[in-house]
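# Overview (structure and organization)
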Amino acid sequence: MSPSKAPAEILDIAGNEVRVSSPDKMVFPEAGVTKLDLVRYYLSIADGALRGAGGRPMVLKRFTKGISAEPFFQKRVPENHPEFIDTATLHYASGTSAEEAVIRDAAGLAWVINLGCLDLNPHPVRAEDLDHPDELRVDLDPMPGVDWSQIVDVAYVVREVLDDVGLIGWPKTSGSRGLHILVRIAPQWSFRDVRLAAETLAREVENRAPGLATARWWKEERGESVFVDFNQNAKDRTVASAYSVRALPDARVSTPLSWDEVRSARPEQFTVLTVPARFAEIGDPHHAIDDVAGSLDGLLAMAADMGPAEKAPRAGDGTGRRQSTMPLIEVARTKTKPEALAALDEWKAVHASVVPALHPADVLVDGMRGSSSLWYRVRVNLQHVPQADRPAQGELIADYDPWAGKEWTGRQELGPA
């Protein structure tokens, strides 16, 4: 007979009652962090977390089955949400819309965490103006084989470019392997303009740090470099905001840094167990981020000088799909990452003779955006394998279809999440 669940914990947060169900549920077994511990973590750093996510519509990324299972993405706010949760209706290019949650206080933080959210995923707009972003987001995403020192070097190049166009960047760890640099801007430009500005920044960083950084959107073309991910500024994208907890065994936190800390800091230093004491001691390094809203004029002028980015070649089969310039083969499409890694291991066992020639960045395991969750695509870039030894494209080891049985009029070729 299974033990009975612990009764719900009712928290009084500035006069608002928040019910925490299953408070003793172990969310991070390795770190010993329960659901109630997670709620208390967010309450301890609420000012900083709300500086990043407060007042913005957010996608609810819910880990209802634990950190080892795939989360599902919930755009629409639950119908029975409390009065202290605001909402905003976002309209997407596909023609769909969603009334999303907007949190404004510590009670709102506790409420979303009780739903099974670990990280906070707000849009780069305020609920009062959904058409004009007030934040440009620079996501430094390292390819396999890239170490922390290279990420840091690229971050300082980003800072140099921002300085040249009169903008201020605020760095934080991503909570995984990379860095985010946030740039507050006046809410005067469209999503299209903000994405163009971000892409221009990425291209200029690549120009100044060739080999270290890349602005190439297609993963197989990046090599062992840091991808300056400009597409995180597209209208439908969200990024884990400051003080978000990530789904890693050590309960790692996406933590704001001062520029003086960037070179010496390491992502693994910042967890649910360490960040509250840091916050209590030094406060929030991003406390002044809302005091400086810059202009995109400099980056948009740079974009005009650069001209359009190079377009990828298209297949000659009439589909209009992009054609890779690299010798890629696809191995599998799976529902979960463990299944993807198992398929990769199976392929490597069959083709053991070519495995030693592969570089870390040649193995591509991508989380892809499905209708409400991620799925995984496994590919191998054979660029470093002698042409005579390259395996041919074979039948997929696994062929999961994330859209089976679903109607989605906007379905098209998608990039990695």
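Residues numbered from 1 in each chain as written. Predicted model: local features only at pLDDT ≥ 70, side-chain atom pairs only at ≥ 80, totals over all residues. Heavy atoms only, no water.

A few words on the overall build of the chain. Counting its secondary structure elements, the chain contains nine helices and 18 strands. Each of the three principal axes of the chain carries a C-alpha extent, and together these read 70 × 60 × 45 Å. Looking at the 417 residues of the chain, the share that counts as buried comes to 51%. Within the chain, contacts between residues separated by at least 24 positions form 69% of all contacts whose residues are at least 6 apart in sequence. Accessible surface, the chain as shown: approximately 19400 Å² in total, 48% of it carbon and sulfur. For the chain, the centre of its 47 positive side-chain charges and the centre of its 60 negative side-chain charges are spaced 3 Å apart. (Helix = DSSP H or I, 4+ residues; strand = E, 2+ residues; numbered from the N terminus. Buried < 20%, exposed > 50% of the residue type's maximum accessible area, 1.4 Å probe, protein only. Contact = heavy atoms within 4.5 Å. Areas by Shrake-Rupley, 256 points an atom, 1.4 Å probe, with all protein chains shown as cover. Lys, Arg positive; Asp, Glu negative; His and termini not counted. Charge placed at Lys NZ, Arg CZ, Asp CG, Glu CD.)

Here the chain averages 90 in pLDDT, while 92% of its residues score no lower than 70. Between residues 408-417, whose pLDDT stays under 50, and residues either more than four places distant or in other chains, the model counts 21 contacts. (pLDDT = per-residue confidence, 0-100.)

Attention now moves to the pairing of strand β12 (residues 179-184). If a strand is regular, its side chains alternate between the two faces of the sheet. The buried count for β12 comes to six of six residues, which makes it a mostly enclosed element. Residues of β12 alternate between two faces, with L179, I181 and V183 on one and H180, L182 and R184 on the opposite face, all of them buried. Two elements, strand β10 (residues 135-142) and β12, share six bridges in a ladder whose sense is antiparallel. Among the inter-strand pairings, R137 is bridged to a residue of β12, identified as L182. (Pairing = 2+ DSSP bridges.)

What follows concerns the sheet that holds strand β16 (residues 363-369). Strands belonging to one sheet form pairs held by backbone hydrogen bonds; the direction of such a pair is parallel or antiparallel. Overall, mixed pairing links the four strands, which are arranged β16-β17-β15-β18 in an open sheet. With one partner strand each, in any of the chains shown, β16 and β18 (398-399) form the two edges of the open sheet. Relative to β18, strand β15 (residues 328-334) runs parallel, the two being bridged by two bridges. By the bridge assignment, A332 is partnered in β18 with A398.

This part covers helix α4 (residues 148-164). An ideal rise of 1.5 Å per residue puts 24 Å on 17 residues; α4 measures up with 25 Å between its terminal C-alpha atoms. Within α4, the full set of buried residues consists of W148, Q150, I151, V152, V154, A155, V157, V158, V161 and L162. (Expected span 1.5 Å × (residues − 1).)

Moving on, we get to the packing of α4 against helix α5 (residues 191-208). Think of two packed helices as two axes; the pair is described by the angle between the axes and how far apart they sit. For the pair α4 and α5, the least separation of the axes is 10 Å and the interaxial angle reads 120°. Taken together, the axes of α4 and α5 are oblique relative to one another. Helix-helix and strand crossings are classified by hand; for α4 and α5 the assignment is right-handed. Residues V154, V157, V158, E160, V161, L162 and D164 of α4 touch α5, and the partners they reach there are L201, E204, V205 and R208. Of the residues in the contact of α4 with α5, the class split is seven nonpolar, no polar and four charged. (Axes fitted to C-alpha atoms, helices over the stretch in contact; angles between N-to-C directions. Parallel < 35°, antiparallel > 145°, perpendicular 65-115°, else oblique. Left-handed = near helix turned anticlockwise from the far one by under 90°. Nonpolar A, V, L, I, M, F, W, Y, C, P; charged D, E, K, R; others polar.)

Here we come to the pairing of strand β11 (residues 170-173). Covered by surrounding structure in β11 are W170 and K172 together with P171 and T173, the residues of both alternating faces. With four bridges joining them, β11 and β12 adopt antiparallel strand pairing. Bridging from a neighbouring strand, P171 pairs with I181 of β12.

Bringing the sheet that holds β11 into the picture now. What the five strands build is an open sheet, ordered β11-β12-β10-β14-β13; its pairing is mixed. In this open sheet, the two edge strands, each paired with only one partner strand, are β11 and β13 (213-214). Of the pairings in the sheet, the one linking β10 to strand β14 (residues 226-229) comprises four bridges and is antiparallel in character. Looking at the pairing, L140 lines up with V228 of β14.

Throughout the structure, instances matching the rule amount to seven aromatic pairs. Ring centres of W217 and F227 lie 5.9 Å apart, and the angle between their planes is 50°; this geometry places the pair in the tilted category. Within this pair, whereas W217 is found in the loop between β13 and β14, its partner F227 is found in strand β14, the two being separated by ten residues in sequence. Judged by centre distance (5.5 Å) and plane angle (90°), the rings of Y243 and F279 are edge-to-face. Residue Y243 is found in the loop between β14 and α6 (259-262), and its partner F279 is found in helix α7 (residues 275-282); the two are separated by 36 residues along the sequence. There is no split in this pair, since Y243 and F279 are both buried. Feature note: the residues W217, W218, F227 and F230 constitute an aromatic cluster, connected by ring pairs. We note R222 situated over the ring of F227; from NZ or CZ to the ring centre the distance is 3.6 Å. (Phe/Tyr/Trp six-rings, centres within 6.5 Å; stacked < 30°, edge-to-face > 60°. Lys NZ or Arg CZ within 6 Å of the ring centre and 35° of its normal.)

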